[in-house]
Amino acid sequence: MTVTSAVSITYYDPFGVYPHIIKDIQSRLPLRNLHWHDPPRPLRSIASLSINLYEESLNDDVTLQHQIPGLLDTPYMKIMLVKCEDNDTYRASVRKIIREWFSTKVASKRDSTEWLIIYYAPNLSNSSNPALRFKSGVFDKIRSDFNTSSKEDRCMLVKPGRTTVDTAGPQVNENVEAWNEIMVKIKAGVLDAFGKRIRMYEGEAKKLEAKKGIPGWNFATFFVMKEGLALSFENVGLLEDALMQYDELDATFMQLMRDNTVTYFQNVGFSPDSTSSLLSRDKDVSIRHAILENNISLFDFRCYLFSRQALLLLTLMSSAPSPSMAAMRMANFLIRSRNFTLETSRMLVYYGKNPYLVANWVYGVVQEILDATEVETQAIQGGRTRDVAEGRAEVLLLSRSAIERLASRKGWRIGNVDFEDINLNTDTVITTEDDELARFLNPTLKEILSDETSFMTAYMEITDAVMSYYESADRTRSVDKLRAQQAIVKYQEQKYEEAARLLASLPQLYSSQGWELISTNLFLIYAHCLYKLDRKEEYVKLYLQILTTRKYSSIQQQSEICEKIKGASRDMENDMTFSLSSLFSTSVSKQIDVSTTKDDSFYITMEIYNPFDVEWTITTASVRLIEPGGMKHTVLFRSTDEVILPSGRKTVTLQSAHDIPGIYEIDNIEFRMGSLLLVKDYFGDAPLENQRMRLYQQPGNLDVSLSTPSRMRLDDAKKVLIKIHTGWNDIEFGKVIARSASSGLRLLILETEASLKHDDSTRSFGLQHTAEATPLLEFGPVNPESTLSLAIPYIAETETKESYIRVQVEFKTKSQKFYSLSVTRHVSIGLPLAVNVQDIFKASSLFSKFSVSCIGPSTPLRIVSGTLIGNEQFAVSGGQNTARPCVAFPKQPVTYVYSVTQNPKKILERQNRLPLSLLIRYRKLEDEMRGTLTRTIADKLKSVGMEKYLLLVEHHAQALLRCDFTSYGFLNKLVLGKYETGQWGAVLMQIGPTDREIVSGALAEIYDDIPADSEEILATDTKELVILVEIPTVQLLFTVELQYSTDSGQAAKSIESPSRSSCIFSDKVFYIGQAIPVILRLQCSTAWSGNGHDLLEKGDIEFGYEVMAPSDTWIVSGKRKGHFTVSDKPITFPLVIIPIRHGNLLLPTIEVRPSQRQHEQITAEVEYKNNAESVLVLPEVSNVVLAVGE
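In this text the structure is predicted, and so the values were computed from the model without any measurement. (Residues numbered from 1 in each chain as written. Predicted model: local features only at pLDDT ≥ 70, side-chain atom pairs only at ≥ 80, totals over all residues. Heavy atoms only, no water.)

### Digging into the sheet that holds strand β1 (residues 6–12)
The strands that make up a sheet pair up through hydrogen bonds in the backbone, lying either parallel or antiparallel. We count it as follows: Strand pairing is assigned whenever DSSP detects at least two bridges linking the two strands. Strands here are runs of E lasting at least two residues and helices are runs of H or I lasting at least four, both read from the DSSP assignment and numbered beginning at the N terminus. In this analysis an axis means a line fitted to C-alpha atoms, helices contributing only their contacting stretch, and an angle means the value between N-to-C directions, from 0 to 180 degrees.
Strand order in the open sheet made by the 6 strands is β2-β3-β1-β4-β5-β6, with mixed pairing throughout. The open sheet has two edge strands with one neighbour each: β2 (31–36) and β6 (155–158). This sheet shows a mean twist of 35° between the axes of neighbouring strands, independent of strand direction.

Right, here's the structure in full:
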């Protein structure tokens, strides 16, 4: 079925001319190569235009001037054929006939029509006729009378065809040029009339469309005008432009339908005999008049409008220049046909039409559409067939739906997974035939619906055909949908194996696309198939997936599924993991509770909501907590017994015997039911909203502390001390794992020494070592309230002062309960102090000055005492006030001075000298402050009965403490500042509401200046450091002295008693320029040498001396520089020193050094007895004049 494009041209032949020129006209038809340009439209080219040429008479019905344009098929051009022999005849009758034709057939028409007069002169070609000149005057008269414009000639002259023979070439028809000119005129006239009509129709249509918002607007008039425009395009072969007009009409109509403003349809229409050909409705010309008269039904109008569009599409398809273009247009036609059929059938059912008659109509329309495209489909093979295949599949599905609808009358159903639950049972079977349907039922449908087998066969055949088309179109989702429907049919036929194979991947596909309802229904079928096939693991997984989208299944179905899952989970061979949140809702408490029965257990509560009407038995319920950062420690809380979970809400308590203090978040929740494991992962692909909670110990729990030993010897191996406080635990067996959490620190676990303290008594304790990849320390029974100390040597591969050690303790109590504690503690392994010593040698003793200072600005120390301990070789004296505590701040060391003398009885053993021991007892101010804070908090919480929160509160208080060493060191008070609840919010939230208020009030009371603890309390934290002090050696010790001599004969006046020794300067007065006789005395000793008298016995060691005196103070007379041989006998040198200044003058100094280079390696010290000794020098005057003022 195609549209034939042609325009009408009429001719009026009162003189019988047409038979003479018919061959000339027909040989030049159809018109070719027409070009129409109407800005702003682009140029349109018409390759060929058929012409309907027919004769008219003056007696035809005259069209009324008020008739709506477009309803009548008026000709595009009117031609009058004239033949006249002379002017008299022309004037007498011919001119009148032409004028009557023009006024009646041309000037009176509203539709734009062009006209042309063709004058036929049969005798005009005879050039020998003398009357020829006169005959030509008739044509001139016609042109003069009827050419309305000098620019356009509407009168044409033709002569009978005559062929002349030219000796120089072929035969020439002298009339060809005239006919060519006439055809040019006809083509121009047709295009001109077409353009005028287009502009007129468009103008009228725009006027009408502008008024469509006015109530009572007549769509029918608008439709006729737009269709006139479309028919004009169709007549000249511009089919795409014509289709565009119908599409605009369709869009306008659908918009009016949506706005509910269409009121001119008398009825919906559609009767049982409305099964006539859809594509032939456009041939019914009366429909246009019925539309204009508002005498058409809604159904007929929709069918007519679509038929016009369909025929244009089919024509465009058949005339496509290429297979690809034909495929594209065919696909367009098929999709439009599908949409029209679907929308119209829904409209009819909505308006209450018999759905089975509608299905019958749909089936007939589909067959007509498929028949119309069958031949063309074969013609475009190899072209662009994908879209065509998709279109035919969509149309075929309509026929299948129609068959399903009709089959439902007899109770034959295919499970519908699209919009309703699957119901595989037939509720009602209709056995009585509808007489009306039987009378008009399509013959093919009668055969298909003859029995259920025929119906199933036809259904599957159509489905296979549609799948084949969809596969060609790469519509994989549609293929999957059809495969699902095939699976449903197999399920109805109880072919479970085939149904399961078809459904293997389909439910997941639909769920991933957001079709939960479809997915759930498919899962139900698929799971039931697997259940029938006894494939437990597979159907349990499917049933769990169904429960995930339980809003699409009934309560009864959910209960049945739950029972099947419970039964299968006990028998499955392999574990299966599934999302817990898909089945149950859980809520974990925000606090971790400590035990109230004096054990090391911890508890959390969890509320579980069971939405099913089935009671579940949970073998094990667990919650795993994880640290949000750092070491990522985990703590597992588990149920101690089976959990019976009834329908609704239930609160369960979970216990953990593993203590790893810290702040935690929920990592996951697990429920185990037989082989089924339900998991709620908080840190999965879609992280869940989490909460933080703190795991803390209470007093009485087993605890671990780290420190360095309280007494250390600098020369011993370095050790770290791990103290395990058993609390209330009566331990039967335990093991310890200690690891360094800092790089560069290696613990020597196998060299660990242990001691046990209980009831103020300490004894050594035996351990068992296991030399494995991770060494273990195992220990036997330990009583409650005991402290097990483990001294572990270590090697620091890098110089560090701070380290972290992870300690894990696992133990079993005598009540046969297992617990564990894992902590990572900080320990300062670097010494917080430095000791500098300065030695001063004397002949009879050694003076040592020790300066003890803190290292770094953040570690002020309280030096409790400093004691230098002698031995059998050396006696120590001095060090007054060493037992008085002093604080060493940065750059403010504490200094102790001691005198060391040799034991004369042990003088011979000095080659094997024993070192002295310097014992320093100290405490870090920071440790004192933190200890004071802990004891204060403990006392306060105990007073209000909240001691179980001690470690929780104390840990946070320590973190908030800002150590003010100045206030504490000088004023002996701990400054905490102001109590701010905002700083404690996160910690207090870990405490129940009632206890929270009590703890908060207690904290507010202690947040004030706290006096430092007494020395008796702090003494337990005092550390002792023993440093071995080697006695320094010097090979030679020179005792040098300047002695005053009275043998020089020079006078001296004494200001002291004359009984004092004459060798002492301090009791004498000298004058400037007075010569003072002195004796330089040198005495050598090897008392502090480890080699005895070896050097003195050699007798060849030579040293030199030099008297050093400022030149502006003293003048030295005598042997100022000299050399001497070292011996054990004293050596003297007489000198004279003369003061040249007055005042208390320091005596000159003496330097002693080796005289020879080879003796420079000998160590020597000088004891200068006159060091810092001064003499009084006065100016020498004979009289003094005193002036006393008035």
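There's more to say after this.
### Quick notes on unusual backbone geometry
Quick note on the threshold: Throughout, exposure labels follow a simple rule: accessible area from a 1.4 Å probe, protein chains only, divided by the maximum for the residue type, with under 20% read as buried, over 50% as exposed, and the rest as partly exposed.
Of the consecutive residues Leu-29 and Pro-30, the connecting peptide bond is found in the cis state with omega at 0°. You can see Pro-30 is positioned in the loop between α1 (18–26) and β2. Here Pro-39 and Pro-40 are connected by a cis peptide whose omega angle stands at 10°. Of note, Lys-598 is a non-glycine position whose phi angle comes to about 55°, a positive value. Relative to the helices and strands, Lys-598 is located in the loop between β11 (593–594) and β12 (602–610). Residue classification places Lys-598 among the exposed positions, given a relative accessible area of 62%. Phi at Lys-891 is positive, roughly 65°, even though this residue is not glycine. Structurally, Lys-891 can be placed in the loop between β38 (886–888) and β39 (894–902). On the basis of relative accessibility, which here comes to 86%, the residue Lys-891 falls in the exposed class.

### As for α1
Defined as follows: Here the arc refers to the set of directions running from the helix axis out to each C-beta atom. Two residues qualify as a contact provided that any one of their heavy atoms is within 4.5 Å of a heavy atom in the partner residue.
Taken as a whole, α1 has its buried residues at Tyr-18, Ile-21 and Ile-25. Burial along α1 is one-sided: seen end-on, the buried residues are contained in an arc of 80°. Exposed side chains of α1 directed beyond 90 degrees from the buried face belong to Pro-19 and Lys-23. Here the buried face of α1 lies against β1, β3 (44–55), β4 (77–82), β5 (114–120) and α4 (176–210).

### With respect to the side chain of Asn-235
Structurally, the position occupied by Asn-235 is in helix α5 (residues 219–235). For Asn-235, a relative accessible area of 19% corresponds to the buried category.

### With respect to helix α20 (residues 555–569)
Turn by turn, an α-helix covers 3.6 residues, leaving residues three or four places apart pointing in a common direction. As a reminder of what qualifies: Every helix has an expected span of 1.5 Å times one less than the residues it contains.
For α20, which comprises 15 residues, the first-to-last C-alpha distance of 21 Å matches the rise-based estimate of 21 Å (1.5 Å per residue) to within 8%. Those residues of α20 that fall on the buried side of the exposure criterion are Gln-558, Ser-559, Ile-561, Cys-562, Ile-565, Lys-566, Gly-567, Ala-568 and Ser-569. Buried positions along α20 lie against α18 (516–532), α19 (536–548), β13 (616–618), β19 (662–673) and β20 (676–681).

### Brief notes about the pairing of β3
As judged from the 6 bridges shared by β1 and β3, these two strands associate in the parallel manner. Bridge assignment links Ile-9 to a residue of β3, and that residue is Leu-53. Here β2 runs beside β3; their pairing, made up of 5 bridges, is antiparallel. By the bridge assignment for β3, Leu-34 is matched with Ile-46.

### Examining the nonpolar core
For soluble globular proteins, the rule of thumb is that nonpolar side chains tend to be buried together. This is how the line gets drawn: We define the nonpolar core as a collection of buried residues of types Ala, Val, Leu, Ile, Met, Phe, Trp, Tyr and Cys that are connected through side-chain atoms lying within 4.5 Å of one another.
Core analysis: the biggest nonpolar cluster contains 223 residues, and Ile-186, Phe-584 and Phe-671 have the highest contact counts within it. With 14 residues, the single largest contributor to this core is helix α8 (residues 298–318). With residues up to four places along the chain from it excluded, the contact list for Phe-584 reads Ile-608, Tyr-609, Asn-610, Pro-611, Phe-612, Trp-616, Leu-645, Phe-671 and Leu-678. Of all hydrophobic cores here, the second largest spans 35 residues; its members include Leu-1095, Phe-1103, Trp-1114 and Ile-1131.

### Things to note about the environment of Val-900
In this fold, Val-900 is placed in strand β39. The exposure class of Val-900 is buried, given its relative accessible area of 0%. For Val-900 and Leu-916, which are 16 residues apart along the polypeptide, the C-alpha to C-alpha distance reads 9.7 Å. If near-sequence neighbours (up to four positions away) are discounted, Val-900 is found in contact with Ser-845, Leu-846, Leu-868, Phe-874, Ala-875, Val-876, Leu-916, Ile-1031 and Trp-1088.

### Details of the packing of aromatic side chains
The criterion, for reference: Each pair of aromatic rings taken from Phe, Tyr and Trp, with Trp reduced to its six-membered ring, is defined by centres within 6.5 Å and is described as stacked if the planes are under 30 degrees apart, edge-to-face if over 60, and tilted in the remaining cases.
Inspection of the entire model under this criterion finds 41 aromatic pairs. Ring geometry for Trp-36 versus Phe-233: centroids 6.4 Å apart, planes at 65°, classification edge-to-face. Pair noted here: Trp-36 is in strand β2 and Phe-233 is in helix α5, with a separation of 197 residues, a long-range link. The same class applies to Trp-36 and to Phe-233, which are both buried.

### Some details on a nonpolar patch on the surface
Put simply, the rule is: Exposure above 30% relative accessible area and the lack of any salt bridge qualify a residue for a patch; like charges then connect within 9 Å, and the nonpolar side chains Val, Leu, Ile, Met, Phe, Trp and Tyr within 5 Å. Method for areas: the Shrake-Rupley scheme with a 1.4 Å probe, in which residue coverage is limited to the protein chains shown. The rule for a salt bridge is simple: a side-chain nitrogen of Lys or Arg has to be within 4 Å of a carboxyl oxygen of Asp or Glu.
Among the surface-exposed residues, Ile-840, Phe-847 and Val-897 lie close enough to one another that they form a single nonpolar patch of about 240 Å² accessible area. Inspection of the secondary structure puts Val-897 in strand β39. Under the relative-accessibility criterion, Val-897 is labelled partly exposed at 41%.

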